[in-house]
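The chain contents come next:
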Amino acid sequence: MFLNHDEAIEQILATYSSLKISPPSSQWTILASFFLKNTVADVVKVISMATGTKCLPTSRYPMQGEALHDSHAEVLARRGAVRWFMEEVIRLARGVDSQWLARQEGEDGCRQKYALREDVKLILYVSTVPCGDASTRYLAAFQDPEMAALKDSSRPAAVEAPDVGLATRGRDNYSLYGALRTKPGRADSPPTLCMSCSDKIAAWNVLGIQGALGSSFLEPLYLNKVVIGEVPEQMRGVVKEDCERALWGRLDVGDFRSRVESLPGKYALHKPLISFTPVPFIHSRATMVEAGVVVSGSCNDSLSWFADASGLAFEVLINGYRRGVSPKHRLRDKSLPLLCKSSMFKLFNQPVTSESSSTYFKTKQSILEYQNIKKLLIGANGGPFVGWIKSGEKWETFGAASA
């Protein structure tokens, strides 16, 4: 019997409550978590959890990978999950058994990459609808008529990218479905190069959540289900339709799927199930309003946590950095956020995962199978996400030594 996903959500919320960290009383946030489910043993393991609604303006991007560009809950939770998988591989290499990952030998006797065990499923929980294409009609339903008219237009409000294409800015153009969108949603906020969570989750449904570095020792890690909270019963049909379009439907066009699946490796277009949960998140905007709290806005802080950490298991971030760290100490190893590019690259360069001594950017580009799939997705040769905005080499030239 499968464990009901509401019970898994309760586990996530219990873990969140155990950290005894919460936003200021009038501020709300979004919670996201990745968890694994063994469908035979009916066991769940929460591997990562995060809160957050903010991202850095492009003008404040760090040059040494020492801060998070995107601190939305889904993105931080995904980075926490990747960190957990990397540390699980290290534990396996040191002889510790894993009930979640396995490494098999190929027909030629060569050792293959690590992959989820056959009965293990990967699930994402988000306390509300992901920003971007998945939430256009959901957000429009709660706008006052004047604001809805302002935002509802069939003409894209384009954002110029430094090296590729165009994307629509934030929440503009509610009637424009299937569009790539940038963060943040507010039109009066400084621009960023961060794509919406809808866009990023859709990309994960082709590339896997493990990223380029993780792809050197992990098979693609695909979502089997996305569980969403806060959606009223009467809107679930609309939101399900929008999520299916945003998270994989807009990629299932033309010959893109067959082009991906015809390449070597185990990449494919995956279509996770969309489910809903009535379990409330105590610090969501909807839950707070229902409780009579007068909300003043979203919380500037973000929380990140991942399971089985050998040291610090969670941290609070603000503006992409660990809260409480002074600017002059931000490059110290002990001051780096655990999930920033610099920290993740240091972990990747441990001998059991990699022997790379190149820069972060060049190391990622050298993982050709992953990069070829990415080019199919966002490249100028007709990829369905051709307007994807990239931050690029400028902010990724740091190396393992400097990290």
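Residues numbered from 1 in each chain as written. Predicted model: local features only at pLDDT ≥ 70, side-chain atom pairs only at ≥ 80, totals over all residues. Heavy atoms only, no water.

For the protein chain, an unreviewed UniProt entry supplies the name Adenosine deaminase/editase and the organism Dendrothele bispora.

**Some details on the overall build of the protein chain**
Counting its secondary structure elements, the protein chain contains twelve helices and 17 strands. Counting every position in the protein chain, which comprises 403 residues, the buried fraction comes to 55%. In the protein chain, the share of contacts with a sequence separation of at least 24, taken over all contacts with a separation of at least 6, comes to 67%. (Helix = DSSP H or I, 4+ residues; strand = E, 2+ residues; numbered from the N terminus. Buried < 20%, exposed > 50% of the residue type's maximum accessible area, 1.4 Å probe, protein only. Contact = heavy atoms within 4.5 Å.)

**Overview of helix H2 (residues 73-93)**
Given a rise of 1.5 Å per residue, 21 residues ought to cover 30 Å, and the 30 Å separating the end C-alpha atoms of H2 matches this to within 8%. Buried residues dominate H2, accounting for 19 of its 21 residues. Phi turns positive one or two residues past the end of H2, at Gly95, with a value near 95°. (Expected span 1.5 Å × (residues − 1).)

**Notes on the pattern of salt bridges**
All chains considered together, the criterion is met by 22 salt bridges. Its salt-bridge partner being Glu88, residue Arg91 comes within 2.8 Å of it at the nearest N-O pair. Of this pair, Arg91 and Glu88 are both found in helix H2, three residues apart, which corresponds to roughly one turn of the helix. Judged by its relative accessible area of 7%, Glu88 is buried. With a closest N to O distance of 2.7 Å, Asp252 and Lys271 form a salt bridge. With Asp252 in the loop between helix H7 (236-247) and helix H8 (256-261) and Lys271 in the loop between H8 and strand S13 (273-277), this residue pair connects regions lying 19 residues apart in the sequence. The class of Asp252 is partly exposed, set by a relative accessible area of 31%. Among the charged side chains, a network of salt bridges with common partners joins Asp133, Arg137, Glu241, Asp242 and Arg245. (Salt bridge = Lys/Arg side-chain N within 4 Å of Asp/Glu carboxyl O.)

**Side note on the packing of H2 against helix H5 (residues 197-207)**
Orientation of H2 relative to H5, taken along the N-to-C sense of each, is 35°, at an axis distance of 9 Å. Contact residues: H2 offers Glu74, Val75 and Arg78, while H5 offers Cys197, Lys200 and Trp204. For the contact of H2 with H5, the class distribution of residues is three nonpolar, no polar and three charged. (Axes fitted to C-alpha atoms, helices over the stretch in contact; angles between N-to-C directions. Nonpolar A, V, L, I, M, F, W, Y, C, P; charged D, E, K, R; others polar.)

**What about the environment of Gly320?**
Following the sequence through the fold, Gly320 ends up in the loop between strand S16 (314-318) and strand S17 (321-322). Taking C-alpha positions, Gly320 is 8.4 Å from Glu66, a pair spaced 254 residues apart along the chain. If we skip the residues at most four places from it in the chain, Gly320 touches Glu66, Ala67, Leu68, Ser71 and Pro337.

**So, the pairing of strand S3 (residues 43-51)**
Of all nine residues in S3, eight are buried, a share of seventy percent or more. As paired strands, strand S2 (residues 31-38) and S3 are joined by eight bridges and run antiparallel to one another. Across the sheet, the residue bridging to Leu36 is Lys45, located in S3. Turn length for the S2-S3 hairpin, with the two strands adjacent in sequence and antiparallel, is four residues, and the turn residue Asp42 shows positive phi of about 60°. Note that S3 and strand S15 (residues 301-306) share four bridges and pair antiparallel. Paired with Ala50 across the bridge in S15 is Ser304. (Pairing = 2+ DSSP bridges.)

**Points about the state of the cysteines**
Counted under the stated rule, the structure contains zero disulfides. The closest cysteine sulfur to the non-disulfide-bonded Cys197 is located on Cys131, 3.8 Å from its own sulfur. In this structure Cys197 comes out as buried when scored by relative accessible area, which is 1%. (Disulfide = S-S within 2.5 Å.)

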